[in-house]
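Overview (structure and organization)
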Amino acid sequence: MNLQAIEAFVLSHQLGSISAAAKHMQKNRAQLSQWITNLEIDWNVELFTRDGHKPVLSEQGLKMLPLCEQLLASKSHLKKQVEQIANQTCFRINLGVSAFLQDELIAKIISKFNHRYPDVNLQIYQRRDEQLLNWQQQPQLDLAMCFYRDAYPSHYTVEDLGKMPVIAVCATNHPLAQQQKVTINQVMKHTWITLLTTANTKVWDLENIQKRIEVEHHSLAIDLCLQGVGIFVGQQIQLDSHIQSGELKIIDHHEAIANESLGLIYPKLPMPNSTVQALLDICKTEVVLS
């Protein structure tokens, strides 16, 4: 089906002549006339009467006109959608996020991005940092926001967001809360509460921990720590209110406070498309660190 022929038929009626339609379409009149004739042959109908100089719709033409106009409107809509796809180039983004980060921060970033790009599908993977840095995993990530400590492939770009303080705490009724200048050996004898999806931090080596309780969510980990079950390492911003209220105490060890490097990591090639770049920019705006 020749869509240009259908457009010629509709325009000839709307503009009052085949010549006007030809001028509008930047074609010659003979070509448009032949197109319309071919339509009539293909459809076995008469679109225009041949009595006068101007094209007058026949009875069959009157019935065909709204169908053709609807088809052309669909064509126009399709063209706009194709242009949108070509310009956007991405309808799905695989975003990796360190599970060490607060859900509140991630939700704020996603909400802002979704407001600007409502048609983009997001798949968010909250994983350990070392898992996010394993770019051979499936599905492959378009962007990761995680703690990296230089442990990322050389063919990836890292944009440093700054340092995020993490602290090791225990409840005020925990044995370590009463001790000053505790040693590593003293620390390792106690239970640690860790997240299944968090990476090791600089605050001691988790491989040497003798006993641990692993949970999936920060809230449960903090609640267990508040109950005096064990030691927990988390973002300072998460734990400050409990420290100020006197429920938790920072363990008295020189490595109990550390600053982890948080960054945005993505492949150098191909370069981020406009949609991924927009997500990058939002992350950089919303994450404010030292």
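About the thresholds
Residues numbered from 1 in each chain as written. Predicted model: local features only at pLDDT ≥ 70, side-chain atom pairs only at ≥ 80, totals over all residues. Heavy atoms only, no water. Helix = DSSP H or I, 4+ residues; strand = E, 2+ residues; numbered from the N terminus. Buried < 20%, exposed > 50% of the residue type's maximum accessible area, 1.4 Å probe, protein only. Contact = heavy atoms within 4.5 Å. Areas by Shrake-Rupley, 256 points an atom, 1.4 Å probe, with all protein chains shown as cover. Expected span 1.5 Å × (residues − 1). Arc of directions from axis to C-beta. Core = buried A, V, L, I, M, F, W, Y, C linked by side-chain atoms within 4.5 Å. Axes fitted to C-alpha atoms, helices over the stretch in contact; angles between N-to-C directions. Parallel < 35°, antiparallel > 145°, perpendicular 65-115°, else oblique. Nonpolar A, V, L, I, M, F, W, Y, C, P; charged D, E, K, R; others polar. Phe/Tyr/Trp six-rings, centres within 6.5 Å; stacked < 30°, edge-to-face > 60°. Patch = residues over 30% accessible without salt bridge, like charges linked within 9 Å, V, L, I, M, F, W, Y side chains within 5 Å. Salt bridge = Lys/Arg side-chain N within 4 Å of Asp/Glu carboxyl O. Left-handed = near helix turned anticlockwise from the far one by under 90°. Disulfide = S-S within 2.5 Å.

1. Considering the overall build of the protein
When you go through the protein residue by residue, the secondary structure sums to ten helices and eleven strands. In the protein, buried positions account for 43% of the 290 residues. Taking the intrachain contacts of the protein between residues at least 6 apart in sequence as the baseline, contacts between residues at least 24 apart amount to 68%. For the protein, the computed accessible surface area is about 16100 Å², with 49% contributed by carbon and sulfur atoms.

2. Regarding helix α5 (residues 103-116)
In this model α5 runs 20 Å from its N-terminal to its C-terminal C-alpha over 14 residues, within 8% of the 20 Å that 1.5 Å per residue would give. Residues of α5 that are buried include every one of L105, I106, I109, I110 and F113, and no others. Projected down its long axis, α5 shows its buried positions confined to an angular sector of 125°, all on one face. Opposite the buried face of α5, by more than 90 degrees, sit the exposed residues E104, K108 and H115. Buried-residue contacts for α5 involve β3 (92-98), β4 (121-127), β5 (143-147) and α10 (274-286).

3. Section: the nonpolar core
Across soluble globular proteins, you tend to see nonpolar side chains buried next to one another. In this structure, L101, I109, F113, M145, I251, L262 and L279 are the most contacted members of the largest nonpolar core, which totals 42 residues. Where this core is concerned, the elements lending two or more residues are β3, α5, β5, β6 (156-171), α7 (184-188), β9 (231-235), β11 (257-267) and α10. Per element, the largest residue contribution to this core is six residues, and it comes from α10. For I109, the contacting residues outside a window of four places in its chain are M145, L279, I282, C283, E286 and V287. Counting 22 residues, the second-largest nonpolar core is a separate cluster that includes A21, W35, L39 and L47.

4. Structural notes on the packing of helix α2 (residues 18-25) against helix α3 (residues 29-43)
Axis separation between α2 and α3 bottoms out at 8 Å; the angle between their running directions is 110°. Considering their axes alone, α2 and α3 lie roughly perpendicular with respect to each other. Counted together, I18, S19, A21, A22 and M25 of α2 and R29, L32, S33, W35 and I36 of α3 form the full contact between these two elements. Partitioning the contact of α2 with α3 into residue classes produces seven nonpolar, two polar and one charged.

5. Things to note about the packing of aromatic side chains
Counting across every chain of the model gives two aromatic pairs. With a centroid separation of 5.1 Å and an interplanar angle of 20°, the aromatic rings of F113 and Y117 are classed as stacked.

6. Some remarks on the side chain of T191
Inspection of the secondary structure puts T191 in the loop between α7 and β7 (192-195). Taking relative accessible area as the criterion, T191 reaches 14% and is therefore assigned buried. In this structure, T191 is in contact with K211, R212, I213, V229, G230 and I231, ignoring residues within four places of it in sequence.

7. Section: a nonpolar patch on the surface
Together, M1, L3 and L71 make up an exposed nonpolar region whose accessible area comes to about 290 Å². Its location among the elements puts L3 in helix α1 (residues 3-15).

8. Things to note about the packing of α5 against α10
Between α5 and α10, whose axes approach to 10 Å, the crossing angle comes to 140°. Judged by the angle between their axes, α5 and α10 are oblique. The chirality of how α5 crosses α10 is right-handed. Contact residues: α5 offers L105, K108, I109, K112, F113 and R116, while α10 offers T275, A278, L279, I282, C283, T285 and E286. Within the contact of α5 with α10, the residues separate by chemical class into seven nonpolar, two polar and four charged.

9. Quick word on the state of the cysteines
Tallying each qualifying case throughout the model produces zero disulfides. Take C225: it sits in no disulfide, and the sulfur closest to it among the cysteines is that of C170, at 6.6 Å.

10. Comments concerning unusual backbone geometry
With a phi angle near 60°, N44 is a residue other than glycine that sits in the positive phi range. Within the secondary structure, N44 is located in the loop between α3 and β1 (48-49).

11. Considering helix α9 (residues 236-244)
Burial in α9 covers these residues: Q238, L239 and H242. Buried residues of α9 fall within an arc of 65° about the axis and therefore sit on the same side. In α9, the exposed residues that point more than 90 degrees away from the buried face are I237 and Q244. The elements touched by buried residues of α9 are β6, α8 (218-226), β9 and β10 (248-250). Following α9 by one or two positions, G246 has its phi on the positive side, about 90°.

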